Amino acid sequence: MFRTALRNVLAHKARLLMTVFAVMLGVTFVTGSLVYGDSMKRAAVDRASAGYDRISLNVAPSTLPGAPPATLDARTAATLAEVPGVAAVAGRVSGFAAVADHEGRPLGNGEFRKGGNYAPDQRATDPAYRFTKGSGPTGDHTVALDETTAAKGGYRVGDTVRVGTGTGADSYTLSGVFRTDGSKLTPGGSLTLFGDTLAQRLFLQPGRYTNIEITAAPGTDVIQLLHRVEPVLPKDSSAITGAQLARLQANLASGSSDTMSQIMLGFAAVALFVAAFLISNTFTMLVSRRTRELALMRAVGASRGQVRRILLTESVLVGVIASVAGIMAGTGVASLLQAVFAPADSPAAPLVLLPATVIIALVVGTALPVIAAWVPIRRVMAIPPVAALSAAEPAAPARAGSLRTGVSTALVLTGAAAVMYGALTTGRDARTVIGLGAALTLAGAIGLIPLLSRPFVALLRPLLIRLNPVHGDLAARNTVRDPRRTGATAAALAIALTLASGLSVLGASATQYLDGATTRDFTADYLVKAAPGGQRMTPATAEPLKKLPDAAYSPLDQSTGYQLAGVSSVLTGVDPATIGRLLRYEVIEGSLDSLAEGRIAVADFKARTNGWKVGQRLPLKRQDERGEVVIGAVYRADEQSNLLPSITAPDSLVARYDSAPATDSIVVATKGGPGRAARASVIKALGDNPALSVLDRDGIRAEDTSGIGDQLNVFYALLSMALVIAALGIANTLAMSVLERRKEIGTLRAIGLDRAGVTRMIRMEALLVGALGAVVGTVMGVFMGWALGRTLQENVVGYALVIPWGRLALGVLLALAGALLASLWPAHRAARVDIPAATAAQ
């Protein structure tokens, strides 16, 4: 049976080639995802654990949850240095430090802009850092930069560097450029070294350290040293070995989810699902053409089970060949992904191809053709040998199966009802119902595509006949000759377009919402924010803005821990004299001017939830302080607004109960409006501090919405693989259709249809199939986008459906272009059919 199956595969290799390619693409996705994820995980583990081999012991204080970070003092370091077996002790200081380039823009990723201390040992070197240029910083006026940051900023030893920390900004002389390991510097970030005393003053307090690193003397057992160190440690501190710390960091790195790898696996599943339609179509046509051959095998003694095993063995061979090719291609894809998505300053990570990855790829790539081929094999095996041996070819079904139609219709109706029910109700269960209903509707719609092929083609037929009466009519008739085959081919394209269109709708809707949420309430010129993990702004941060002539500004001072009439609340202090000019308050009741009278203004959702009204007096409690506030206004606000607070209070009221509120941001309006000179004046007034961002309206919008566009571009790129597979399905279906219709095409050529006419006919057939898949996919995508968007509307006030007509039209055009390209080879073969041989064929 194996030899028979192998001979059949080789005999039909041209017809199976596209099936092999489709499975290969799916396996490539799976293999690339797994190899990329394993490689990135290995690289993250190696990077996170690097550098700890030089540390024998690490001493760190214990910090209680919610408390400020604890520190160690210099006396502890001196005590540890006296422990027998200790060769060296290095106190480490760490904190936030942002380095500005020559244009004043901060360098490195905001979350990983770090500062530390240079702690030279007895040899006047710090083993944690290897200087390639210059030397370590000394005194209060020099710093050293990591090699990547210095290169990005264009800095050389001796240049003046502007650095911002949690205490402000200052200019320093660059003393050196260094390299270090992953324990100190995160890829994409920056690291600035200061002298030991200066670093303590900037990040902690004089004489304090974040942690202490201990180096053991040669020949000293680390575990024994740990036992000697533990008795002299301060209370609430602990020591672990460098090896333990390396394992801890490695576990943290390996435990973090690789989002990109998971996303790729999801799209790999989509690609495999789309490929299943191509495989099923191919085997359906191949088995149908071999009906008499299979019947003859049964007539000469082969059992039904033997013939079935031969056909299944053929599908296994196809899967194995495609899987091996997909594994090799997937490894290359993983290498490409590393080059695209890895940080520019991250060293190249070796590719990791685990045995489990190979096994998964082989199982997936082999099982898919077997599963997809099972139905057509089962269908043809049900035909009696006597009927199959008749001279007539088995007729294509005139319409889709009634069982399939009934089940698909039931799925669509049930899913649509579930979506409508969920859309009209609220709560977490409503979102689950909408998601389940959308999935049922999608599954049912895919099953109904064969039924839709006839009315869809009938709708477009007048247009085709008007464009070209003969070829258009022939193309329309040929397309609906086998609705099941046409529907399966179009369904593969519809799935890809459904996902692309749904993502486009969600992306456009989310972008509009975020745009409105971030800039709708913003009427000032600039928004000042602290960099992530950086300087904690206070009301004093805004004081220098007084120097700007005729400028209006207000810090947004968040103060927590309040109980208003027993309700936990956060008060945001503002300047009552300027806030109405800087933020858009849509007052529903009362007046914003009441802020100047010491009253508070409350967002409508906060007032509605708690039953508060204008004029109502609320008892106030914060820690040991007691008081009373009066509601002076209620304004309309989005609960997810990044600017309008839930409770607005005059800054004098907040200062009465909180001496150190956290300034979330500062809104500023300049005399002449936004402009390059005005922004420069704001930056200068704030001390040219790279730890502070000064954003205009476009900058705010770009900061909050740019990630959506980047993610959509990645998703579109991944979905393009599914579109390629769908196009291969169209090419495969048309190519095999041409083989089935050789006699018909030869007859058309004999009665006067020229080669160009045959080519146009095949291309029109491809466009009809592509249009069917594109239209159904786009409609389903918009529906899915609306349904999933409905799950957000309950918690995201202001979210509304946005249909990106331009992107949807582009998707349809790309689908039609793909279908047209897919028809080139089948049309070429059809146009060159040998007329005498074709018309003489039985």
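Residues numbered from 1 in each chain as written. Predicted model: local features only at pLDDT ≥ 70, side-chain atom pairs only at ≥ 80, totals over all residues. Heavy atoms only, no water.

Another aspect to go through is the overall build of the protein chain. Across its full length, the protein chain holds 26 helices and 23 strands. Burial analysis of the protein chain (842 residues in total) assigns 49% to the buried set. Partitioning the contacts of the protein chain with sequence separation of at least 6, the portion at a separation of at least 24 is 83%. Surface accessibility of the protein chain: about 38600 Å² in total, with carbon and sulfur atoms responsible for 59%. (Helix = DSSP H or I, 4+ residues; strand = E, 2+ residues; numbered from the N terminus. Buried < 20%, exposed > 50% of the residue type's maximum accessible area, 1.4 Å probe, protein only. Contact = heavy atoms within 4.5 Å. Areas by Shrake-Rupley, 256 points an atom, 1.4 Å probe, with all protein chains shown as cover.)

Moving on: the packing of helix α24 (residues 805-822) against helix α25 (residues 824-831). Between α24 and α25, the least distance of the axes is 4 Å, while the angle of their chain directions is 35 degrees. Every residue of α25 that contacts α24 at Leu-820, Leu-821 and Ala-822 is listed here: Leu-824, Trp-825 and Pro-826. Split into classes, the residues belonging to the contact of α24 with α25 amount to 6 nonpolar, no polar and no charged. (Axes fitted to C-alpha atoms, helices over the stretch in contact; angles between N-to-C directions. Nonpolar A, V, L, I, M, F, W, Y, C, P; charged D, E, K, R; others polar.)

Our next topic: the packing of aromatic side chains. Enumeration according to the criterion identifies 8 aromatic pairs in this entry. Between Tyr-118 and Phe-131, the ring centres sit 5.6 Å apart and the planes meet at 90 degrees, which makes this aromatic pair edge-to-face. Of the two residues, Tyr-118 sits in strand β5 (residues 113-118) while Phe-131 sits in strand β6 (residues 130-134), which places them 13 residues apart along the sequence. The class for Tyr-118 is buried, based on a relative accessible area of 10%. Members of the aromatic cluster, each reached through a chain of ring pairs, are Tyr-118, Tyr-129, Phe-131 and Phe-178. Just above the ring of Tyr-562 sits the side chain of Arg-622; from NZ or CZ to the centre is 5.4 Å. (Phe/Tyr/Trp six-rings, centres within 6.5 Å; stacked < 30°, edge-to-face > 60°. Lys NZ or Arg CZ within 6 Å of the ring centre and 35° of its normal.)

A separate point is the confidence of the model for the protein chain. When the pLDDT values of the protein chain are averaged, the result is 84; 89% of them are 70 or greater. In this model residues 394-400 is a low-confidence stretch, pLDDT under 50, and it forms 15 contacts with partners more than four residues away in sequence or in other chains. (pLDDT = per-residue confidence, 0-100.)

Moving on to the side chain of Ser-559. Among the structural elements, Ser-559 can be located in strand β15 (residues 552-564). Reaching out from Ser-559, the side chain makes a polar contact with the side chain of Asp-658 at a distance of 2.8 Å. When near neighbours in sequence (up to four residues on either side) are disregarded, Ser-559 contacts Val-570, Leu-571, Arg-622, Val-654, Asp-658 and Pro-661. (Polar contact = N/O pair within 3.5 Å; in protein donor to acceptor, adjacent residues only side chain to side chain.)

A word on a nonpolar patch on the surface. A contiguous nonpolar surface patch, about 380 Å² in accessible area, is contributed by Val-316, Val-320, Val-324, Met-328 and Leu-362. At 4 residues, the largest contribution of residues to the nonpolar patch is made by helix α10 (residues 304-341). Examined against the element boundaries, Val-316 turns out to sit in helix α10. (Patch = residues over 30% accessible without salt bridge, like charges linked within 9 Å, V, L, I, M, F, W, Y side chains within 5 Å. Salt bridge = Lys/Arg side-chain N within 4 Å of Asp/Glu carboxyl O.)

A word on the nonpolar core. With 90 residues, the main nonpolar core has Val-274, Ile-725, Ile-730 and Ile-762 as its most contacted residues. In terms of residue count, helix α8 (residues 259-289) provides more of this core than any other element does, 13 residues in total. The contact partners of Ile-762, leaving out residues within four places of it in the chain, are Leu-734, Val-738, Arg-741, Ser-823, Pro-826, Ala-827 and Ala-830. Counting 34 residues, the second largest nonpolar core, distinct from the first, contains Val-143, Leu-145, Leu-226 and Ala-239. (Core = buried A, V, L, I, M, F, W, Y, C linked by side-chain atoms within 4.5 Å.)

This part is about the sheet that holds strand β12 (residues 211-216). Pairing is antiparallel in the open sheet, where 4 strands are placed in the order β3-β12-β1-β13. Two strands bound the open sheet, and with one partner strand each, they are β3 (86-92) and β13 (237-241). Within the sheet, the average angular offset between the axes of one strand and its neighbour, ignoring direction, is 20 degrees. One ladder, built from 3 bridges, connects strand β1 (residues 57-61) with β12; its direction is antiparallel. Among the inter-strand pairings, Val-59 is bridged to a residue of β12, identified as Ile-212. Along the sheet, helix α3 (residues 74-81) makes contact with β1, β3 and β12, crossing β3 at roughly 165 degrees. (Pairing = 2+ DSSP bridges.)

Before going further, it helps to examine the pairing of strand β19 (residues 617-622). The two faces of β19 differ: Leu-618, Leu-620 and Arg-622 on one face are buried, but Arg-617, Pro-619 and Lys-621 on the other face are not. Sheet topology note: the β15/β19 ladder contains 3 bridges and is antiparallel. Counted as the bridge partner of Leu-564 is Leu-620 from β19. Where β19 lies against strand β20 (residues 625-636), 6 bridges are found, and the strand directions are antiparallel. The residue of β20 that forms the bridge with Arg-622 is Glu-625. The turn joining β19 and β20, which pair antiparallel and follow one another in sequence, is formed by 2 residues; a positive phi near 55 degrees is taken by Gln-623.

Here we come to the pattern of salt bridges. In total, this model carries 22 salt bridges according to the counting rule given. Across the pair Asp-521 and Arg-520 runs a salt bridge, and its minimum N-O distance is 3.7 Å. Taking relative accessible area as the criterion, Arg-520 reaches 36% and is therefore assigned partly exposed. One connected set of salt bridges, linked through shared partners, spans Arg-54, Arg-92, Asp-126, Asp-181 and Glu-213.

Here we come to helix α15 (residues 469-479). For α15, the tally of buried residues reaches 8 of 11 residues, placing the bulk of the element in the interior. When α15 is considered as a whole, its buried residues turn out to be His-471, Gly-472, Asp-473, Leu-474, Ala-475, Ala-476, Asn-478 and Thr-479.

In this section: unusual backbone geometry. Positive phi is not limited to glycine here, since Asp-236 has a value of about 65 degrees. Looking at the secondary structure, you find Asp-236 in the loop between α6 (222-229) and β13. Among the residues examined, Asp-236 registers a relative accessible area of 52% and is labelled exposed. You will see that Asp-550, though not glycine, has its phi angle at about 55 degrees, which is positive.

Right, let's get into helix α22 (residues 742-750). All of the buried residues along α22 are Ile-745, Gly-746, Leu-748 and Arg-749. The buried side chains of α22 occupy one side of the element, clustering within an arc of 160 degrees when seen end-on. A positive phi of about 125 degrees marks Gly-752, the residue just after α22. (Arc of directions from axis to C-beta.)

With that settled, the discussion passes to the side chain of Asp-73. On the secondary structure map, Asp-73 appears in strand β2 (residues 72-73). Polar side-chain contacts of Asp-73 include one of 2.7 Å to the side chain of Thr-76. If we skip the residues at most four places from it in the chain, Asp-73 touches Gly-207, Arg-208 and Tyr-209.

With that settled, consider the environment of Gly-330. Note on placement: Gly-330 falls in helix α10. For the pair formed by Gly-330 and Tyr-36, sequence separation is 294 residues and the distance between their alpha carbons is 9.1 Å. Sequence-distant contacts of Gly-330, defined by excluding residues within four places in its chain, comprise Thr-28, Thr-31 and Gly-32.

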